[in-house]
Amino acid sequence: MIKIEKLDEVYVRVFSDSSIEQELADFFTYEYPGARFTPQFRARLWDGKVRLYDQVRKSLYSGLVSYVVKFAERNGYELQVSPELTIQNNFNYDEVEKWVSDLNPQSRNEPIQVRDYQLDAIYKAVSDERVLLLSPTASGKSLIIYSTLRWHLANDRKCIIIVPTTSLVEQLYTDFEDYSSANGWDVRDHCQKLYSGFSKEFTKDVLITTWQSIYLQPKAWFKQFDVIFGDEAHQFKAKSLTSVMEKLDNVRYRIGTTGTLDDKKIHRLVLEGVFGPVHRVTTTKALMDSGRLAKLNIMCLIMKYPEEIRKTHKNMTYQDEMDFIVGHERRNKFIRNLAVKSQGNTLVLFQYVEKHGKILYEMIKEKSHENRKVFFVYGGTDTTDREAIRHITENESDAIIIASFGTFSTGINIPSIENVVFASPSKSKIRNLQSIGRGLRLKSGKTSCNLYDIADDLHWKSWKNHTLNHAAERYKTYAEEEFKLKIVEVDLC
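What counts, and at which threshold
- Residues numbered from 1 in each chain as written.
- Predicted model: local features only at pLDDT ≥ 70, side-chain atom pairs only at ≥ 80, totals over all residues.
- Heavy atoms only, no water.
- Helix = DSSP H or I, 4+ residues; strand = E, 2+ residues; numbered from the N terminus.
- Expected span 1.5 Å × (residues − 1).
- Buried < 20%, exposed > 50% of the residue type's maximum accessible area, 1.4 Å probe, protein only.
- Arc of directions from axis to C-beta.
- Contact = heavy atoms within 4.5 Å.
- Pairing = 2+ DSSP bridges.
- Axes fitted to C-alpha atoms, helices over the stretch in contact; angles between N-to-C directions.

Asks: With reference to specific residues and values, describe helix H20 (residues 466-480).
Replies: Look at H20: 22 Å from first C-alpha to last across 15 residues, which is about the 21 Å you get at 1.5 Å a residue. Every buried residue of H20 is accounted for by Thr-467, Leu-468, His-470, Ala-471, Arg-474, Tyr-475, Thr-477 and Tyr-478. Down the axis, H20 shows its buried residues gathered within 160° of arc, on one side only. Elements that come into contact with the buried residues of H20 comprise strand E14 (295-304), helix H14 (318-326), strand E18 (417-422), helix H19 (429-437), strand E19 (448-457) and strand E20 (485-491). Of the residues flanking the end of H20, it is Glu-482, one or two places downstream, whose phi is positive at about 65°.

Asks: Lay out the side chain of Glu-272 in plain terms, naming residues and giving numbers.
Replies: Take Glu-272: it is sitting in helix H11 (residues 265-274). A relative accessible area of 4% means that Glu-272 is categorised as buried. With residues up to four places along the chain from it excluded, the contact list for Glu-272 reads Gly-63, Leu-64, Tyr-67, Leu-132, Pro-277 and Val-278.

Asks: Provide a residue-level description of H11, including the pertinent values.
Replies: With respect to burial, H11 is a largely interior element, 8 of its 10 residues being buried. Every buried residue of H11 is listed here: Ile-266, His-267, Leu-269, Val-270, Leu-271, Glu-272, Gly-273 and Val-274.

Asks: Lay out the pairing of strand E9 (residues 191-194) with the relevant residues and their values.
Replies: In E9, alternate side chains face the same way, and those of Cys-191 and Lys-193 on one face and Gln-192 and Leu-194 on the other are all buried. Both E9 and strand E10 (residues 206-210) contribute to a ladder of 4 bridges, which runs parallel. Pairing of Leu-194 across the sheet is with Thr-209, part of E10.

Asks: Describe the sheet that holds strand E13 (residues 278-280), listing the residues and the values that go with them.
Replies: Strand order in the open sheet formed by 7 strands is E9-E10-E8-E11-E12-E7-E13, with parallel pairing between adjacent strands. In this open sheet, the two edge strands, each paired with only one partner strand, are E9 and E13. On average, adjacent strands in this sheet sit at an angle of 20° to one another, irrespective of strand direction. Sitting on the sheet, helix H5 (residues 116-128) touches strand E7 (130-134), strand E12 (253-258) and E13, and the angle it makes with E7 is about 160°.

Asks: Outline unusual backbone geometry, supporting the account with residue identities and numerical values.
Replies: We note that Lys-58 has phi near 55°; this positive angle belongs to a residue other than glycine. Topologically, Lys-58 is positioned in the loop between strand E4 (49-51) and strand E5 (59-61). Residue Lys-461 is not a glycine yet carries a positive backbone phi of 55°. By secondary structure assignment, the location of Lys-461 is in the loop between E19 and H20.

So this is what it looks like as structure tokens:
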């Protein structure tokens, strides 16, 4: 017999006889990705394992109860779940549909249509109380958050929305103003922002903030909230972020939203643990097929280096290889020419600010004609300036933005982007898909977006360089997402 009881809004207590508890512990034990490269592992202070089930406290994240149910069924164990963990709502789908219709979110220019998949997600969020909504870029995540938020406010609940960047605080606030412009709900009266320069005193109904602004707050500070929204929730796997979620141990309603999840099971389980089970809202391909996203054209450009360079640079470390690539003059000139010759608004994404981003910015700015606007955005760019650049670009048809992955790969909404250039190689599935999403939003006259994925072939005989292997990972991701691609080799002679 396995028994599950509620401890608080973060953890449940799972207990049985010692042998079954050991099986549970093994079932919820995973090797942490890259653990063997950490100082703690090398010093033998950590075995590189993450244990989600605590055998001493007999505790497990509440969002993982469904996994215990499957574990019990698979092994033929009897299961007893406390009635406290059973959700009992006195409303149905039709009531939620009518409520969303009455809410009538509307923009300043034209009514916003709530799609069927968005309505399904809203119902899932309010009925299940805990959920991780997997919804790709341009699927209307902010509208889903807004509608769910209004439902909870109508039930007299205080809400906190946590986003990864200050730019997303501003963008979400602006989106709420847009949705509320015709329904009489004043965002200024109900919502407040919190990041550097804003007061931590919560005086309204909704707080929109970054995790960096609140993770050091004492546990008592978090007790003023009833609902937590975690936007771009895939970033909640860091220790400081999960500690915020654990401080919210009185918060019953937990809604996470993200466009992508990586392939590491431990990360997914932590997210499901602190929010709830994953619900896939829709897919990028489905949105493209229905005409709600721009068609994606992927051009994989493989930089072919001369034999002499490949021979002398074999067996480089990853960092040495990256330094060589971003400092390669012909490669940078190729990126410059690609950006300058591309028609329409173009986003060039880089990894290193000083040794790559600033160099590309100067090269592209010098080569562009005087009437073409060229912007440079990185972590040190003030939030107000980033927002200004975003709005300026919306009114441009031929601007170039050179931006770091960290600032413009996640969440930033610029529908007018027609070309995206990966100037720095990356194998991160989340980063790549989020970055692609920057160019898929529709705008009048725009039907497609071009992605230029730049890879580097420095292989020598049977040895393959790091970033070439990373390129193979990206191509695998594109295939999984059913994106079409074309591979072109470019000689850097």
